[in-house]
Amino acid sequence: MKKTFYITTPIYYVNDVPHIGHAYTTVAADVLARYKRLQGYEVFFLTGTDEHGQKVQQAASERGVPPQQHADELVVRFQDLWKRLDISNDDFIRTTEHRHKLVVQAVLQYLWDKKLIYEGMYQGWYCLPDERFWTEEELKEGKCPECSRSVDRISEKNYFFKMSQYQDKLRWHIKNNQAFILPETRRNEVLGFLDRQLGDLCISRPKARLSWGISLPFDPDYVTYVWVDALVNYISVIGYPADLDRFNEIWPADYHLVGKDILTTHAVYWSALLMALELKLPKTLFAHGWWMVESEKMSKSRRNVVDPNAIIDEFGADAFRYFLLREVPFGQDGNFTRDALIRRYNSDLANDLGNLVSRTLTMIEQFTEGIIPQPSFEGSHDQEREIMDIVRGLYEPVEDAFNRLEFHHVLSTIWKLVDRANRYIEEMAPWDLAKKQRERKKLETVLYTAAEALRFIAIYLSPFMPNATERIIHALGLDQLPTNALSLRVRESGLGGAPLPGRRIQKGPALFPRFEKPRKTGTLSPSQITIDEFTKLDLRVGQILAAEKVAGSEKLLKLNVDIGGEQRQIVAGMAKRYSPEDLIHKKVIVLANLKPVRLMGVESQGMILAAGDKEVTALATFLEDVEPGTPIK
Ligand code: MSP
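Values in this document were obtained by computation on a predicted structure and should not be read as measured data.

About the cut-offs
- Residues numbered from 1 in each chain as written.
- Predicted model: local features only at pLDDT ≥ 70, side-chain atom pairs only at ≥ 80, totals over all residues.
- Heavy atoms only, no water.
- Helix = DSSP H or I, 4+ residues; strand = E, 2+ residues; numbered from the N terminus.
- Buried < 20%, exposed > 50% of the residue type's maximum accessible area, 1.4 Å probe, protein only.
- Areas by Shrake-Rupley, 256 points an atom, 1.4 Å probe, with all protein chains shown as cover.
- Lys, Arg positive; Asp, Glu negative; His and termini not counted.
- Charge placed at Lys NZ, Arg CZ, Asp CG, Glu CD.
- pLDDT = per-residue confidence, 0-100.
- Contact = heavy atoms within 4.5 Å.
- Pairing = 2+ DSSP bridges.
- Domains from an automatic or database assignment.
- Axes fitted to C-alpha atoms, helices over the stretch in contact; angles between N-to-C directions.
- Parallel < 35°, antiparallel > 145°, perpendicular 65-115°, else oblique.
- Nonpolar A, V, L, I, M, F, W, Y, C, P; charged D, E, K, R; others polar.
- Polar contact = N/O pair within 3.5 Å; in protein donor to acceptor, adjacent residues only side chain to side chain.
- Phe/Tyr/Trp six-rings, centres within 6.5 Å; stacked < 30°, edge-to-face > 60°.
- Lys NZ or Arg CZ within 6 Å of the ring centre and 35° of its normal.
- Salt bridge = Lys/Arg side-chain N within 4 Å of Asp/Glu carboxyl O.
- Patch = residues over 30% accessible without salt bridge, like charges linked within 9 Å, V, L, I, M, F, W, Y side chains within 5 Å.
- Near = heavy atom within 4 Å.
- Arc of directions from axis to C-beta.

### Remarks on the overall build of the protein
Thinking step 1. Along its length, the protein carries 22 helices and 24 strands.
Thinking step 2. The principal-axis extents of the C-alpha atoms in the protein amount to approximately 85 × 60 × 50 Å.
Thinking step 3. In the protein, which comprises 633 residues, the share counted as buried stands at 52%.
Thinking step 4. Per element, the accessible surface of the protein, about 29,700 Å² overall, is 49% carbon and sulfur.
Thinking step 5. Counting 82 positive and 86 negative side-chain charges, the protein places the averaged centre of each group 1 Å from the other.

Right, here's the structure in full:
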């Protein structure tokens, strides 16, 4: 029996409306789910809401409504947002649903019967906002070690899960399963955590203090600790314990995607619970980083919480999805700024992808009456072969990057084809071919090849931008993306689906219309200079021969540039915008007579021109192929 590929997001607290952080995990999980479906996997993708516990009870009481009503109202905000973001989850769990509560109670009863839960006195410090108990030693200067807020001393009867007895087994599991906790640095953090003595887990709350939760089956005066309740969602939905056939088809999860702040609860609490239930552990827990907003922590009090709906209104769901996964390597923290979003949108989507789509379709419309032509590969067709080699070579690096959840890398790999296809069109200049009857076949081959490249770009990008890519597919006169376009069977056939020649294209409105920012006035007028002053500048064409990061710097790249019979070492502040391999062979504008300086200990003998104010936004380069050393006047 083939195992279902199982992906989960955390279930989100309904104490407030969804923000960019929630959207982030959900979009990442969705992209992965869509990719796996394209490969032909049976996928089960689960998300939902965490509706019990102190936080939700408190939020409800602040609004003056009963907690269930509060949850019923807020859950819609999540569900609506997921619809707008094209999230393709297979189920949506609310922890207040009967099907979930039953399983939580069954799990607790089982652990109670196995004497893995015992009654004890709880004495400790409680952080109300975080709903976490801390021991005396864990406190930081008497405050909650997580949020630095004050904690309350609590002493009461409670129930405990014998978590401590799984400490060694868990440590062993983490050490022997490289992929269990990713990224690597997070894995080390958890191992560090497990070097200290692990305590038992308090899994109950007296109803006298907190009534909003699932009653313990063996003591009706208590409700279940919200984390135990919530974690069980991963198994309650898929049939545990009532439908073990279904459960065994889906469990263990292939990926639990979580934010770095909730890794411990997953890696330690959840693993220990699963061990106690004698169930397998998930294959991978991946902890992603946090988004800051304009370099600040996002918080209600700072009034900088980013509402995903507003971004979708302005830029569309596809662009938002693309940005979230392209801008920051999954696993690292990121900084959300409107400028960065606009930059990505304009350069990658409006320019690179949008132009490729619109010029390809426009030319087919103009030169071959809107019908994708039949190619004829007579004589030399090296460029076409190169394009198709890139197409065929895409699968492996994409698959590798996906396996490591390096979404940004998947995208930059696909972009190599986007860039090459754009360059191909420029090189072949179909607009010139169209002027000569004897070049007709060449013209048809070029238009076909551009359309074929576009089809594959759409297939590979479809997990990220389901909407835009479907529009590309329709524009190419195809009905829909083959549902398993990246399965082995389809790939072996060498085609991305039905043949393209003969299809009537359907050019719609621009996919990503350029986003025009209102111009800032007064920033672009440095004082005037004379032509003599200008001619003092030795500006020349340079070609980048080698590039590498400057050790210890986030911003600097060390470049080796040919400026015509002479090589220069130039340190350029473009590492945030470009990776070294982006720059190799690029022709750039070099200011060659700038006095050498040392940057981070590395000598820089010149400067490379690029657009942007404090940050580089675009590298200045040439449309034509020019010789290094050519003067620029
Ligand atoms: N209900 C628990 C999860 C239970 S899972 C069994 C919870 N909910 S939450 O709504 O507070 O957070 C859900 C997720 O949102 C976490 O993975 C968290 O990391 C993520 N984020 C919250 N703020 C974030 C950012 N600013 N940036 C990125 N992700 C962030 O915890």
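### Structural notes on the confidence of the model for the protein
Thinking step 1. Counting all residues, the mean pLDDT for the protein is 93, and 98% of those residues have values of 70 or more.
Thinking step 2. Taken as a whole, residues 520–526 scores under 50 in pLDDT and shows one contact with residues more than four places along the chain or in a different chain.

### Section: the pairing of strand E6 (residues 152–161)
Thinking step 1. By the bridge criterion, 10 bridges tie strand E4 (residues 117–127) to E6 in an arrangement that is antiparallel. Looking across to E6, one finds that glutamine 123 is bridged to serine 155.
Thinking step 2. For E6 and strand E8 (residues 201–202), the ladder comprises two bridges, and the chain directions are antiparallel. Bridged to phenylalanine 161 within E8 is leucine 201.

### Concerning the sheet that holds strand E11 (residues 219–224)
Thinking step 1. Read from one edge of the open sheet, three strands run E9-E11-E10, paired in antiparallel fashion. The open sheet has two edge strands with one neighbour each: strand E9 (204–206) and strand E10 (215–216).

### Comments concerning the domain arrangement of the protein
Where the parts come together, the accessible area they lose is often given as the size of the interface.
Thinking step 1. For the protein, the assigned domains read domain 1 (335–492) and domain 2 (531–619).
Thinking step 2. The C-alpha-based centres of domain 1 and domain 2 are spaced at 31 Å.

### A few points about the packing of helix H14 (residues 382–393) against helix H18 (residues 440–461)
Working note: a packed helix pair is described by the angle between its axes plus the distance between those axes.
Thinking step 1. For the pair H14 and H18, the least separation of the axes is 10 Å and the interaxial angle reads 10 degrees. Between H14 and H18, the crossing angle belongs to the class labelled roughly parallel. Contacts between H14 and H18 involve Glu384, Ile387, Met388 and Val391 on the former and, on the latter, Lys442, Thr445, Val446, Thr449, Glu452, Ala453 and Phe456.
Thinking step 2. When the residues that make up the contact of H14 with H18 are grouped by side-chain class, the tally is six nonpolar, two polar and three charged.

### Structural notes on the side chain of arginine 186
Thinking step 1. Within the fold, arginine 186 resides in helix H6 (residues 184–195).
Thinking step 2. A distance of 2.8 Å separates the side chain of arginine 186 from the side chain of glutamate 189, its partner in a polar contact.
Thinking step 3. For arginine 186, the contacting residues outside a window of four places in its chain are Ile181, Lys260, Leu263, Ala287 and Gly331.

### Some points on the sheet that holds strand E13 (residues 284–288)
Thinking step 1. Read across the open sheet, the six strands follow the order E3-E2-E1-E12-E13-E7; overall the sheet is parallel. On the outer flanks of this sheet lie strand E3 (91–94) and strand E7 (181–182), each paired with one strand and no other.
Thinking step 2. Note that strand E2 (residues 43–50) and E3 share four bridges and pair parallel. Note that in E3 the partner of threonine 49 across the bridge is arginine 94.

### Some points on the packing of aromatic side chains
Thinking step 1. In total, this model carries 33 aromatic pairs according to the counting rule given.
Thinking step 2. The structure contains a cluster of three or more aromatic residues connected by ring pairs, namely Tyr24, Tyr35, Phe286, Trp291, Phe323, Phe330, Phe336, Phe402, Phe407 and Phe464.
Thinking step 3. The ring of tyrosine 126 carries arginine 209 above its face, with NZ or CZ at 5.0 Å from the centroid.
Thinking step 4. Directly above the ring of tyrosine 578 sits arginine 577, whose terminal nitrogen or CZ lies 5.1 Å from the centroid.

### Some points on the pattern of salt bridges
Thinking step 1. If you walk through the whole model with that rule in mind, you get 44 salt bridges.
Thinking step 2. Among the ionic pairs, aspartate 16 bridges to lysine 300, the shortest N-O distance being 3.0 Å. Here the residue aspartate 16 occupies a position in the loop between strand E1 (5–13) and helix H1 (20–38), and lysine 300 occupies one in the loop between strand E14 (291–293) and helix H11 (308–315), the gap between them amounting to 284 residues.
Thinking step 3. Residue aspartate 16 is classed as partly exposed on the basis of its relative accessible area, which comes to 26%.
Thinking step 4. With a shortest N-O distance of 3.9 Å, lysine 83 and aspartate 80 are connected by a salt bridge. With a gap of three residues between them, lysine 83 and aspartate 80 both fall in helix H3 (residues 67–84), about one helical turn apart.
Thinking step 5. On the basis of relative accessibility, which here comes to 63%, the residue lysine 83 falls in the exposed class.
Thinking step 6. Three or more residues are tied together by salt bridges with common partners; here these are Glu386, Arg420, Arg423 and Glu427.

### Brief notes about a negative patch on the surface
Thinking step 1. The grouping of Glu42, Asp243, Asp245 and Glu249 at the surface amounts to a negative patch.
Thinking step 2. Counting through the fold element by element, aspartate 245 comes out in helix H9 (residues 244–250).

### Concerning the environment of phenylalanine 320
Thinking step 1. Residue position: phenylalanine 320 is located in helix H12 (residues 317–327).
Thinking step 2. Separated by 164 residues in the primary sequence, phenylalanine 320 and asparagine 484 have C-alpha atoms spaced 25 Å apart.
Thinking step 3. If sequence neighbours within four positions are ignored, phenylalanine 320 has contacts with Ile20, Ala23, Leu85, Pro308, Ile311, Ile312 and Phe336.

### What to know about the site of the ligand
Thinking step 1. Within the structure, the ligand sits among 22 residues, and Ile11, Asp50, Gly259, Asp261 and Trp291 are positioned closest to it.
Thinking step 2. Contacts to the ligand include isoleucine 11, whose backbone N or O atom sits 2.8 Å from a nitrogen atom.
Thinking step 3. In this structure, an oxygen atom belonging to the ligand sits 3.3 Å away from a side-chain N or O atom of histidine 22.
Thinking step 4. Burial of the ligand by the protein amounts to 94% of the accessible area it has alone, namely 670 Å².
Thinking step 5. Of all the elements in the fold, those that place two or more residues in the shell around the ligand are E1, H1, helix H7 (226–231) and strand E12 (255–259).
Thinking step 6. At four residues, E1 tops the list of elements feeding residues into the shell around the ligand.
Thinking step 7. By residue class, the composition of the shell around the ligand is 13 nonpolar, seven polar and two charged.

### Regarding H11
Thinking step 1. Burial in H11 covers these residues: Pro308, Asn309, Ile311, Ile312 and Phe315. The buried residues of H11 occupy an angular sector of 160 degrees when the element is viewed end-on, so they sit on one face.
Thinking step 2. Two or three places before asparagine 309, at the opening of H11, aspartate 307 has a side-chain oxygen 2.9 Å from that residue's backbone nitrogen.
Thinking step 3. Phi for glycine 316, located one or two positions after H11, is positive at around 90 degrees.

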